[in-house]
Amino acid sequence: EIESRREQNGYLDEATCQRILRYAADVNSSFVSGRGYRYFAEYYLHEKDYQQAMHCLTESAKYFLGGDYFEELAWTYYMMGVVSGQMGSGLFALNYYFTGLGYVEQEEAFSLKAKMHSGIGYTLLCMNRYEEAAKHYSLARTYHKQEQDYPDRIADIILCLVYDGL
């Protein structure tokens, strides 16, 4: 139910995030705590409260580091890259994207790898580093092709094609 509401709206409301964190504390789950803080970060990102979003992502990362939740940790670092980019901190964004990639290097997380490389490409593009951006968009395109739900990522794919020289 929670994931479907999240997918429908793009984020969860503040009260639902609070309930998730209370539940996580009741069952003593680092995984649920990490997810709860990441959901809170999505809420704050939607509200354009980037400082709170980053705080929640930092908390989320702490919980995921405590277990072997590498893909979850990578998603958290991806979001840190997005928030940093929104805050105008391109170098921090790149650092977070590359850190996230390190956690899924050996995984088959094609969608996540594609999003990371798209984020890197976009950040480099904003920094006028066009050739480097094109290389990362090309890598993103390669990972998109390996996905099961390839057509669902059309916006990222279009960017990849445009900056990969079609």
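Residues numbered from 1 in each chain as written. Predicted model: local features only at pLDDT ≥ 70, side-chain atom pairs only at ≥ 80, totals over all residues. Heavy atoms only, no water.

Asks: In this structure, what is going on with the packing of helix α3 (residues 30–46) against helix α5 (residues 70–86)? I would like to understand it.
Replies: If you want to describe how two helices pack, look at the angle between their axes and the distance between the axes. Running from N to C, α3 and α5 point in directions that differ by 20°, and their axes come no closer than 11 Å. Taken together, the axes of α3 and α5 are roughly parallel relative to one another. The crossing of α3 and α5 is left-handed. On the side of α3, the interface is formed by Phe31, Arg35, Arg38, Ala41, Glu42 and Leu45, while α5 contributes Glu72, Trp75, Thr76, Met79, Val82, Val83 and Gln86. (Axes fitted to C-alpha atoms, helices over the stretch in contact; angles between N-to-C directions. Helix = DSSP H or I, 4+ residues; strand = E, 2+ residues; numbered from the N terminus. Parallel < 35°, antiparallel > 145°, perpendicular 65-115°, else oblique. Left-handed = near helix turned anticlockwise from the far one by under 90°. Contact = heavy atoms within 4.5 Å.)

Asks: I keep staring at the packing of aromatic side chains and nothing clicks. Help me out?
Replies: Describing an aromatic ring pair means giving the distance of the ring centres and the angle of the ring planes. Inspection of the entire model under this criterion finds 14 aromatic pairs. Residues Phe70 and Tyr103 carry aromatic rings whose centres are separated by 6.2 Å and whose planes lie at 15° to one another, so their mutual orientation is stacked. Taken together, the positions of Phe70 in helix α5 and Tyr103 in helix α6 (residues 90–103) put the pair 33 residues apart, joining distant regions of the chain. Phe70 sits in the partly exposed class, given a relative accessible area of 35%. According to the relative accessible area criterion, Tyr103 is partly exposed, its value standing at 25%. Among the aromatic residues, those joined into a ring-pair cluster are Tyr11, Phe40, Tyr43 and Tyr44. (Phe/Tyr/Trp six-rings, centres within 6.5 Å; stacked < 30°, edge-to-face > 60°. Buried < 20%, exposed > 50% of the residue type's maximum accessible area, 1.4 Å probe, protein only.)

Asks: Could you clarify how one ought to interpret the nonpolar core in this entry?
Replies: Side chains of nonpolar character tend, in soluble globular proteins, to be buried together. Counting 40 residues, the largest nonpolar core has Phe40, Met80, Leu112 and Met116 as its most contacted members. Listing elements by their share of this core, those giving two or more residues are α2 (14–27), α3, α4 (50–65), α5, α6, α7 (110–126) and α8 (130–145). Once residues within four sequence positions are removed from consideration, Met80 is found in contact with Met54, Leu57, Thr58, Ala61 and Tyr96. (Core = buried A, V, L, I, M, F, W, Y, C linked by side-chain atoms within 4.5 Å.)

Asks: I would appreciate a short explanation of the pattern of salt bridges in the present structure.
Replies: For the structure on display, the rule yields four salt bridges. A salt bridge links Lys62 to Glu59; the shortest N-O distance between them is 3.0 Å. Of this pair, Lys62 and Glu59 both sit in helix α4, three residues apart, roughly one helical turn. Each of Arg35, Arg38 and Glu72 takes part in a single network of salt bridges with overlapping partners. (Salt bridge = Lys/Arg side-chain N within 4 Å of Asp/Glu carboxyl O.)

Asks: Help me understand α8 in this model?
Replies: Along an α-helix, residues three or four positions apart point the same way, because every turn accommodates 3.6 residues. When the terminal C-alpha atoms of α8 are compared, their 22 Å separation across 16 residues agrees well with the 22 Å that a helix rising 1.5 Å per residue should span. Within α8, burial applies to Ala133, His136, Tyr137, Ala140 and His144. Along the axis of α8, the buried residues cluster in a sector spanning 105°; they form a single face. Of the residues in α8, the exposed ones pointing more than 90 degrees away from the buried face are Glu131, Lys135 and Lys145. (Expected span 1.5 Å × (residues − 1). Arc of directions from axis to C-beta.)

Asks: I'm lost on the state of the cysteines in this one. Help?
Replies: Any covalent bond linking the sulfur atoms of two cysteines counts as a disulfide. According to the stated counting rule, one finds zero disulfides in the structure shown. The thiol of Cys17 is not disulfide-bonded; the next cysteine sulfur, from Cys56, is found 8.2 Å away. Given the relative accessible area of 0%, Cys17 is considered buried. (Disulfide = S-S within 2.5 Å.)

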